[in-house]
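As a plain string of letters, each chain reads:
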Amino acid sequence: MANQRVVVIGGGPAGLRAATTVAELGRPVVLVEQRGFLGGTPIAERYASMTPYLEDPEAALGAMASHLASLPDVEILLSSEVRSCSGDAPAFSLEVEVAGQSRSVEAGAIVLATGFQHFDPGRETQMYGYYEYPDVVALQDLESMLKDGNVVRPSNGEPPGRICFIQCVGSRDRQIGNEYCSKVCCGVASKEAIEVRQALPDSEVFIFYIDMRMYGYWESQIYWPAQEKHHVQYVKGIVSEVLPRDGRLLVRGEDTTMGRPMEIPMDLVVLSVGMEPSPGTRAMAKLLGVAQNKYGFVEAARPPLDTVGTNRPGIFAAGAALGPADLEDCASTGGLAGARAVASLATAAVTSG
Amino acid sequence: MPAATQDPLRKVDDVAGFADVPRAEKERLVAEVFADPRFADYLYGCYECGICVAVCPSARFYDFSPRRIAQAAGRRDVDLLYQQMQEDIWECSQCFSCLRCPRGNNPGGVITIMREVAVNNGMSSAREALEGYSRIIYKIMSTGTQVSPDMLQPDAFPDWGPEVQDVSENLALWRRALPPETHHTTSTGWSVAERTLIELYLIWLETGALDMIRQVDEGLHMILEEVMEDRLEEEGIER
């Protein structure tokens, strides 16, 4: 009989959904989380609200974590990292370091949900001056300010009068090597733009974009209200550079649909940074021997109809470890990976029986 | 949203022109456009997709783009909007083909508002655009009608179609084929009942149309007032 335990690596939205699914299907689950808390990047980076439904991440993900903890046969290991993995499905042996102590965990299947990290806008180029000018921030920095209800220019603590978002920073860029679209930044930037307009009604907010990619209902949930109700200015054209000018930041670009160059002084520039595989995703994929694509994300082995299976039987991936993903993607692949992990144990039990 | 930004988008080039017009004057006129109660229903948000230009008859013949009107309004671009009120908006034929907009915008309606603001403020473009129409305005405002079928000139209106030659040559015969008495000639069409004329005049007066005429053609306005003054007196209507 195969080991019935599933190990889920990563306690963000995808990992929480995967572990919950396993537990609800009545199998023992061990959730290994590197950080000292559950909830993943939305909690670690202090998101103000979740796109597009605007729930409080602490409340929503906190409720998910407490529900998981209340289920039988659930073990949550915080501040823990998988150090090694041997064996094949359905008999994996993992070495997990839990708060400095090494511990063996046997498992029949593994779910890899180690997520993403925000693109570092200082990498490769410095053209937007993220590390140079305090008033150049990234999406997650503004999330944090919105969470504190304190949207200000970091340079002087004053509320900004004019704010712009620059889209596709670290995405869709052959120069940087990230040729993919990060999927969520158009929606997240528009959501933050709405929140800024609500917090600072006298502000002017611009979004400079290449294409606005507002999938499905995001169109009418975020994009139209941002433009129509909150008067966010969408300008098709990407900023070439940000320059300090008279205490403000001059952004230079082309207003392509108006067919004219533009230079506009800004008080706060927000870089809509894309998604890259987290260090944990890179490390765990390597450790587990799971195939990665050229960008470092885990490669789904049999797309498009199997989105979570990897090249290794018994190991499934979920969430942004698989590539750019919004929260709904993460919950969907998380639930699927959990269910597929349990299914693989059942199949193994039958075939080995 | 502030009606007009205090700190305009800075362009590399002064593409909008009219640099000699004070900024405050441009802002005042543009603010009047945004303050119009219809504006919010005429412009939601623009995809900049160009379908309004694709369906626009004027765009085929003139350097005119309803998309640029929507974009300038969306951007609150005061300089460009002022330029458009002096130039572009008079190229529109107000056919409203642009209602095809997938976002439900009405660029032609925005132009209607911009034209009204231009006329009400006596902008030079409004005066120039309406200059050639004094006689037409006079006839419409004094009789309620302007064109009658006997004015058909076979060569003057090619857009009336190939049948116009035949119709104009035998108009009297065609009219006899239609039993009811109609206002089909200038002599009958412009002969309007006294009561109707007074009502028409009061409508022009009450709706502000006469004030608009005063802004663009003071001479015409004086003539209309004189024509109507006696009639109103005879009817005992106080103004």
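For clarity, every value in this text was computed on a predicted model and none was experimentally measured.

Further remarks concern the interface of chain A and chain B. Taken together, the contact between chain A and chain B spans 26 residues of the former and 25 residues of the latter. Summed over both partners, the interface of chain A with chain B comes to about 2300 Å²; 46% of that surface belongs to carbon and sulfur atoms. Broken down residue by residue, the surface that chain A buries against chain B is led by A:Q233, A:M258 and A:R260, which jointly contribute 26%. In this assembly, chain A and chain B are joined by three salt bridges. Where B:R103 meets A:E228, a salt bridge forms, and the shortest distance between an N and an O atom there is 3.1 Å. Viewed at the interface, chain B and chain A are joined by 13 residue pairs in polar contact (both at pLDDT 80 or more). Looking at the side of chain A that touches chain B, the element that brings in the most residues is strand β15 (residues 260–266) of chain A, giving six residues. For the side of chain A that touches chain B, a count of residues per class yields twelve nonpolar, four polar and ten charged.

So, about the packing of helix α9 (residues 134–143) of chain B against helix α13 (residues 194–206) of chain B. Residue and element names in this part refer to chain B. Between α9 and α13, the shortest axis-to-axis distance is 7 Å and the interhelical angle comes to 120°. On α13, the residues touching I140, M141, S142 and T143 of α9 are L197, L200 and W204. Across the contact of α9 with α13, the residue classes break down as five nonpolar, two polar and no charged.

Below, the discussion takes up the pairing of β15(A). All names here are of chain A. Counted residue by residue, β15 has six buried out of seven residues, so it is predominantly covered. Pairing between strand β14 (residues 248–255) and β15: seven bridges, direction antiparallel. In the strand pairing of β15, R252 is matched with E263. Counting the residues between successive antiparallel strands, the hairpin from β14 to β15 contains four residues, one of them, G259, with a positive phi of roughly 65°.

Before going further, it helps to spend a moment on helix α5 (residues 185–199) of chain A. Helix length check: α5(A) (15 residues) gives 20 Å between terminal C-alpha atoms against 21 Å at 1.5 Å per residue, within 8%. Summarising burial for α5(A): 13 of the 15 residues are buried, a large majority.

What follows deals with the pairing of strand β10 (residues 162–169) of chain A. All names here are of chain A. In terms of burial, β10 is largely enclosed, as eight of its eight residues are buried. Strand direction decides the pairing type here: β10 and strand β11 (residues 204–209), joined by five bridges, are parallel. By the bridge assignment, I166 is partnered in β11 with F208. One crossover worth recording links β10 to the parallel β11 by way of α5, and it is right-handed. As paired elements, β10 and strand β16 (residues 268–273) share five bridges and run parallel to each other. The residue bridging F165 from the neighbouring strand is V270, located in β16.

Residue and element names in this part refer to chain A. Within the fold, V29 resides in strand β2 (residues 29–32). C-alpha separation for the pair V29 and D135, spaced 106 residues apart in sequence, amounts to 45 Å. Look past the residues within four positions of V29 in its chain and what remains in contact with it is V6, V8, A19, V22, A23, D73, V74 and E75.

Grouped together as the largest cluster of nonpolar side chains are 89 residues, with contacts concentrated most on A:L94 and A:F165. Contacts of A:L94, omitting those with residues within four sequence positions, involve A:V7, A:V82, A:S84, A:C85, A:R103, A:S104, A:V105, A:A107 and A:I110. Of all hydrophobic cores here, the second largest spans 33 residues; its members include B:V30, B:I111, B:V117 and B:V216.

Residues and elements named next belong to chain A. If you walk across this open sheet you meet the three strands as β13-β14-β15, and the pairing is antiparallel. Every interior strand has two partners, whereas the edge strands, β13 (241–245) and β15, have only one. Each strand of the sheet is rotated relative to its neighbour by a mean of 30°, with strand direction disregarded.

Quick look at the pattern of salt bridges now. The full count for this structure, using the stated rule, is 34 salt bridges over all chains. Here B:E199 and B:R195 are joined by a salt bridge, their closest N and O atoms 3.5 Å apart. Separated by four residues within a single helix, B:E199 and B:R195 lie in helix α13, roughly one turn from each other. Assessed through its relative accessible area of 41%, B:E199 is described here as partly exposed. Among the ionic contacts, a cluster of salt bridges with common partners joins A:R172, A:D211, A:R213 and A:K236.

Further remarks concern the packing of aromatic side chains. As enumerated under the stated definition, the model contains ten aromatic pairs over all chains in all. Ring centres of A:Y209 and A:Y234 lie 6.5 Å apart, and the angle between their planes is 65°; this geometry places the pair in the edge-to-face category. In this pair, A:Y209 sits in strand β11 while A:Y234 sits in strand β12 (residues 233–236), placing the two residues 25 residues apart along the sequence. No difference in accessibility class separates A:Y209 from A:Y234, as the two residues are buried. Their ring planes at 80° and their centres at 5.4 Å tell us that B:F18 and B:Y82 sit as a pair that is edge-to-face. Of this pair, B:F18 sits in the segment before α1 (23–35) while B:Y82 is found in helix α6 (residues 78–86), placing the two residues 64 residues apart along the sequence. Under the relative-accessibility criterion, B:F18 is labelled partly exposed at 25%. Note on B:Y82: relative accessible area 6%, which makes it buried.

Residue and element names in this part refer to chain A. The sheet built from five strands is open, its strands ordered β3-β2-β1-β7-β18 with parallel pairing. Of all the strands in the sheet, the pair left with one neighbour each is β3 (74–77) and β18 (315–317). Direction aside, neighbouring strands of the sheet carry axes that sit 15° apart on average. With three bridges joining them, strand β7 (residues 109–112) and β18 adopt parallel strand pairing.

About the criteria used
Residues numbered from 1 in each chain as written. Chains lettered and ligands numbered in written order. Predicted model: local features only at pLDDT ≥ 70, side-chain atom pairs only at ≥ 80, totals over all residues. Heavy atoms only, no water. Contact = heavy atoms within 4.5 Å. Buried area = accessible area lost by both parts, 1.4 Å probe. Salt bridge = Lys/Arg side-chain N within 4 Å of Asp/Glu carboxyl O. Polar contact = N/O pair within 3.5 Å; in protein donor to acceptor, adjacent residues only side chain to side chain. Helix = DSSP H or I, 4+ residues; strand = E, 2+ residues; numbered from the N terminus. Nonpolar A, V, L, I, M, F, W, Y, C, P; charged D, E, K, R; others polar. Axes fitted to C-alpha atoms, helices over the stretch in contact; angles between N-to-C directions. Buried < 20%, exposed > 50% of the residue type's maximum accessible area, 1.4 Å probe, protein only. Pairing = 2+ DSSP bridges. Expected span 1.5 Å × (residues − 1). Right-handed = clockwise from strand over helix to strand, strands pointing away. Core = buried A, V, L, I, M, F, W, Y, C linked by side-chain atoms within 4.5 Å. Phe/Tyr/Trp six-rings, centres within 6.5 Å; stacked < 30°, edge-to-face > 60°.

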